[in-house]
Amino acid sequence: MSKHHAAFATALAGGLILASPSAFAQGARDWENVPVDTNILFLYYTYSNTEASVDPSLPIEGVSVDAHVPIARYARSFGIAGQAAGVQLIVPYGFVTARLDGTNLQTYSEGLGDVNAVFVMNIAGAPALTRREFATWQPNAYLTGSIGVTAPTGAYDAESLLNIGKNRWMVKPQLSYGKYFGPRTLLAVNGNVQLFGANDEYRGDGRLQQKALFGIDGHLSHDVSDRAWLSLDAVYAHGGTTKVDGVGQDNRQQTLRLGASGSVSLDRATAINLAFTRSVAKKDYTPSATTFSVNLNRAF
C-alpha cells in the first residue's frame, strides 16, 4: 500500500477533540493532501482527566473532571482555483463527572456538545487532484489555512457549575506548514488563535469574557511501514485571560503538553488512529490535563 492510498484515511483538518472541538490542536497528519471529491467519516472516543473546567481553554481551580466524549465527524474535499480545499463538521456528545477537590462532592452531566464547522484551503503545495492524478503525485512542502467556527449548540444550564456546552461562540483561524524529509518523515507545525464571544449567563447572570488564546503545535511523524505511522507531538498555548463581570481573573495560560500519536491503515480507505497528551509545564494555577483519543475513519 502506498502512502497516497493510506492518506485516504487521514483527516483534512481537525484533531483531538473534547466537548469543545476547537480547543485542541491539529493532529500529525491532519493536513496531508487527499483527492478531490473524497468523503471521510470519523467515529471518535476521547477521554480526558483534568483539574479543570470541561473546556480546556477555560481553567477553573479546585475541580477534577473526567470526560468521556464520543464524536461524529464528517469531512469532504474539493478543489478551488486548482488548490485542495475541504469542509468538515464535528458533533460531540459528552458524559462528564466533576469532583470538588478535597471533598466527596461530585456532579454529573451529559448532553450534546458545541458543534464545530471548519473550512480548509491549501495556499501552496497541495494541488486539487483526481484520484488517478493523486496516485502518482509526489508530495512536497505545503502551507494550508483554515477557519473554524464553534456554535453554542451544546447543553447549557446557567445555574449549573458543570456544562457540556459553553454558551458562547468561538472562531479559530489557523495556518499549517508541513515539510517532508525523504519519503517517510513529515514535520508539521500549526499556529492558531482562538477568539471567544462572551457568555452572558455565566454561573447564573454573570458575564464571562476571554482574551485570545494563541497556540502552536508541532508533530514529527514517520512511516514505520506502508500501513502505519508514529508521531511525537508538542502543543503550546499562551494567553486566554478571563474576566467575570469586568473583573480580571489573572489566569493567563502558558501551557506545554507533550504526547504521541499513530495510525494503522486497515485497507486503502480505513484507518485507526490513537493519540495521547499530558501537561508537562504550566503556570501553578493552570490545571494539569491528560487526554487520550481513538478514532476509526473511513474514506469513500
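These notes cover the structure that comes with them.

What counts as what
- Residues numbered from 1 in each chain as written.
- Predicted model: local features only at pLDDT ≥ 70, side-chain atom pairs only at ≥ 80, totals over all residues.
- Heavy atoms only, no water.
- Helix = DSSP H or I, 4+ residues; strand = E, 2+ residues; numbered from the N terminus.
- Pairing = 2+ DSSP bridges.
- Patch = residues over 30% accessible without salt bridge, like charges linked within 9 Å, V, L, I, M, F, W, Y side chains within 5 Å.
- Areas by Shrake-Rupley, 256 points an atom, 1.4 Å probe, with all protein chains shown as cover.
- Salt bridge = Lys/Arg side-chain N within 4 Å of Asp/Glu carboxyl O.
- Lys, Arg positive; Asp, Glu negative; His and termini not counted.
- Charge placed at Lys NZ, Arg CZ, Asp CG, Glu CD.
- Buried < 20%, exposed > 50% of the residue type's maximum accessible area, 1.4 Å probe, protein only.
- Core = buried A, V, L, I, M, F, W, Y, C linked by side-chain atoms within 4.5 Å.

**Quick word on unusual backbone geometry**
- Although it is not a glycine, Arg 203 adopts a positive phi angle of roughly 50°.
- Tracing the sequence through the fold places Arg 203 in the loop between strand 9 (199-202) and strand 10 (206-210).
- Backbone geometry places Asp 245, a non-glycine residue, at a positive phi of 55°.
- For Asp 245, the location among the structural elements is in the loop between strand 13 (242-244) and strand 14 (247-248).

**Structural notes on the pairing of strand 12 (residues 228-239)**
- As defined by bridge partners, strand 11 (residues 213-223) adjoins strand 12 across 11 bridges and the pair is classed as antiparallel. The residue of strand 12 that forms the bridge with His 222 is Leu 230.

**Quick notes on the pairing of strand 17 (residues 289-299)**
- Relative to strand 17, strand 1 (residues 39-50) runs antiparallel, the two being bridged by 11 bridges. Paired with Ile 40 across the strands is Ala 299, a residue of strand 17.
- Strand direction decides the pairing type here: strand 16 (residues 270-281) and strand 17, joined by 9 bridges, are antiparallel. Across the sheet, Ile 272 pairs through a bridge with Leu 296, a residue of strand 17.

**What about a negative patch on the surface?**
- A surface patch of like charges, here negative, comprises Asp 157, Glu 159, Asp 205 and Asp 245.
- Among the structural elements, Asp 157 can be located in the loop between strand 6 (142-150) and strand 7 (170-181).

**Quick look at the pattern of salt bridges**
- Tallied over the full model, the rule gives 6 salt bridges.
- Of the charged contacts in the structure, one is a salt bridge between Glu 32 and Arg 29, with a shortest N-O distance of 3.7 Å. Neither residue differs from the other here; Glu 32 and Arg 29 are each classed as buried.
- Notably, a salt bridge pairs Arg 184 with Asp 226, separated by 3.2 Å at the nearest N-O pair. Residue Arg 184 is located in the loop between strand 7 and strand 8 (185-196), and its partner Asp 226 is located in the loop between strand 11 and strand 12; the two are separated by 42 residues in the primary sequence.
- Accessibility expressed as a relative area gives 41% for Asp 226, which makes it partly exposed.
- Because the salt bridges share partners, they merge into one network encompassing Arg 29, Glu 32 and Asp 223.

**Describing the nonpolar core**
- Among the nonpolar cores identified, the biggest contains 15 residues, and Ile 40, Phe 42, Ile 71 and Val 96 are the most heavily contacted of them.
- Sorting elements by how many residues they give to this core places strand 2 (residues 63-80) first, with 5 residues.
- One finds Val 118, Val 120, Tyr 180 and Ala 188 within the second-largest nonpolar core, a separate group that totals 7 residues.

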